[in-house]
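# An overview of the molecular structure
Each chain is listed here by its residues.
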Amino acid sequence: MKLGLHYWTYSTPADPAAIAPTLAETATLAEQAGIASFTVMDHYFQMEAMAPASEPMLEAYTTLGYLAALTRRMTLGVLVTGVMYRYPGLLAKIVSTLDVLSGGRARLGVGASWYEREQRGLGVPVVPVAERFERLEETLRICRQMWSEDDGPFEGRHHRLAETLNSPQPLRRPHPPIMVGGGGEKKTLLLVARYADACNLFGTGRDEVARKLDVLRAHCAAEGRDYDTVEKTVLVTRPPLDDVDAFLADVAAYAELGVTEVQTMPDRHPVEFTRRLADEVLPKLATIG
């Protein structure tokens, strides 16, 4: 079982001047400990369900570029990129750039954006949910085309590209892994089956994750996709340090379903969290899977 660290807040410590060194120390410790992936959110305002919207938030891909220079092994990605925030051709170029500069360690995590307050606040178009999913599918198709030998045009309902030239191509071949985030059964998991290398589900419990994976299995069958070629990942919401055994039991239950990577989120100073994760959780996690 692989463990990912999802860095969702920049509020601890409180001094903005401490954000960069804290992020750097956390990522360095995580890599030394054997954490497999490091992800950040694609938000510009903090999520109101988690903390006040005015709390510090960094742009995701700039942050990952900084981390690419500080790390050598961990997969780097956004959990997950909001489809409305970047033109698809530019997104493919951004992820290609991250992949080249990180030595082939980028992962494209993408989903339908949802946080309307930040969209309205910063002038991002707010469109109906159905259109967001149409744009998400076109984005997946465009990224896959730009990461292929086909540099011709793309004609979609929402996006028209005269040429999909992308040089240099990502180092990771055939392309950086594509992860579609979310558990929507009619659209999101269908897009996983059609286009993605991995899914990412919320770890709300074994039964719910099992049901979502059953839906994904059915979509794969309908699309002629081998279900076993989709990597299953879960963002575990239980704080791991509050009850290590309970956290490990959750992870073991997900492993039985075929999940191969779980992500966890700091619930205290991220450096302290990562140190304790390395000492108290990772050695036991190695026995699961």
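Quick summary incoming for the structure in this document. (Residues numbered from 1 in each chain as written. Predicted model: local features only at pLDDT ≥ 70, side-chain atom pairs only at ≥ 80, totals over all residues. Heavy atoms only, no water.)

### Overview of the nonpolar core
One recurring pattern in soluble globular proteins: nonpolar side chains tend to sit buried together. Applied cut-off: Nonpolar cores are built from buried Ala, Val, Leu, Ile, Met, Phe, Trp, Tyr and Cys residues. Side-chain atoms within 4.5 Å join them into one set. Exposure categories follow from relative accessible area, calculated using a 1.4 Å probe and restricted to protein chains: below 20% of the type maximum is buried, above 50% is exposed, and the middle band is partly exposed. We call two residues in contact whenever any of their non-hydrogen atoms come within 4.5 Å of each other.
Counting residues in each nonpolar core, the largest one holds 87 residues, and the members touching the most others are Phe38, Tyr61, Leu108 and Leu216. Beyond its immediate chain neighbours, meaning those up to four positions away, Tyr61 contacts Val78, Thr81, Arg86, Leu91, Ile94, Val95, Leu98, Leu108 and Gly109.

### Topic: unusual backbone geometry
To keep it simple, the criterion reads: Under the scheme used here, helices are H or I runs from DSSP no shorter than 4 residues and strands are E runs no shorter than 2 residues, and both carry numbers assigned from the N terminus.
In the segment running from Leu79 into Val80, the intervening peptide bond is cis, with an omega of -15 degrees. On the secondary structure map, Val80 appears in the loop between strand 3 (75-78) and strand 4 (81-82). Omega for the peptide link from Ser167 to Pro168 comes to 5 degrees, which places this bond in the cis form. In this structure, Pro168 sits in the loop between strand 7 (160-161) and strand 8 (178-181).

### Things to note about the pattern of salt bridges
Put simply, the test is: By definition, a salt bridge exists where a carboxyl oxygen of Asp or Glu is found within 4 Å of a side-chain nitrogen of Lys or Arg.
Considering all chains together, one arrives at 21 salt bridges under this definition. Arg268 serves as the salt-bridge partner of Asp242, at 3.5 Å between the closest nitrogen and oxygen. Of this pair, Asp242 sits in the loop between strand 10 (231-236) and helix 8 (244-256) while Arg268 is found in the loop between strand 11 (259-264) and helix 9 (270-285), placing the two residues 26 residues apart along the sequence. Each of Glu185, Glu208, Arg211 and Lys212 takes part in one network of salt bridges that share partners.

### Quick notes on the packing of helix 1 (residues 19-33) against helix 2 (residues 60-68)
The description of two packed helices rests on the angle between their axes and on the distance between the axes. Cut-off, in case you're wondering: The axes used here are C-alpha line fits, helices contributing only the stretch in contact, and every angle between their N-to-C directions lies in the interval 0 to 180 degrees. Relative orientations are named as follows: roughly parallel for angles under 35 degrees, roughly antiparallel for angles over 145 degrees, roughly perpendicular for angles from 65 to 115 degrees, and oblique for any other angle. Two helices cross in a left-handed way if the nearer one is turned anticlockwise from the farther one by less than a right angle. They cross in a right-handed way if the turn is clockwise. The nonpolar class holds Ala, Val, Leu, Ile, Met, Phe, Trp, Tyr, Cys and Pro. Asp, Glu, Lys and Arg form the charged class, and all remaining residues, Gly among them, are polar.
As a packed pair, helix 1 and helix 2 sit with axes 10 Å apart at the nearest point and diverge in direction by 55 degrees. With respect to helix 2, the element helix 1 is oriented oblique. In this structure, the crossing between helix 1 and helix 2 has a hand that is right-handed. Counting all contacts with helix 1, which are made through Ala20, Pro21, Leu23, Ala24 and Ala27, the residues of helix 2 involved are Thr63, Tyr66 and Leu67. When grouped by side-chain class, the residues that make up the contact of helix 1 with helix 2 number 7 nonpolar, 1 polar and no charged.

### Quick look at helix 6 (residues 188-195)
Burial runs high along helix 6: 7 of the 8 residues are buried. Of the surrounding secondary structure, the elements contacted by the buried residues of helix 6 are helix 5 (129-146), strand 8, strand 9 (198-203) and helix 7 (206-223).

### So, the state of the cysteines
Stated precisely, the cut-off is as follows: The disulfide definition used here is simple: a pair of cysteine sulfur atoms within 2.5 Å.
Applying the stated criterion across every chain yields a total of 0 disulfides. Of the cysteine sulfurs around Cys199, a residue in no disulfide, the closest is that of Cys220, at 8.8 Å. Cys199 sits in the buried class, given a relative accessible area of 0%. Owing to a relative accessible area of 1%, Cys220 belongs among the buried residues under this scheme.

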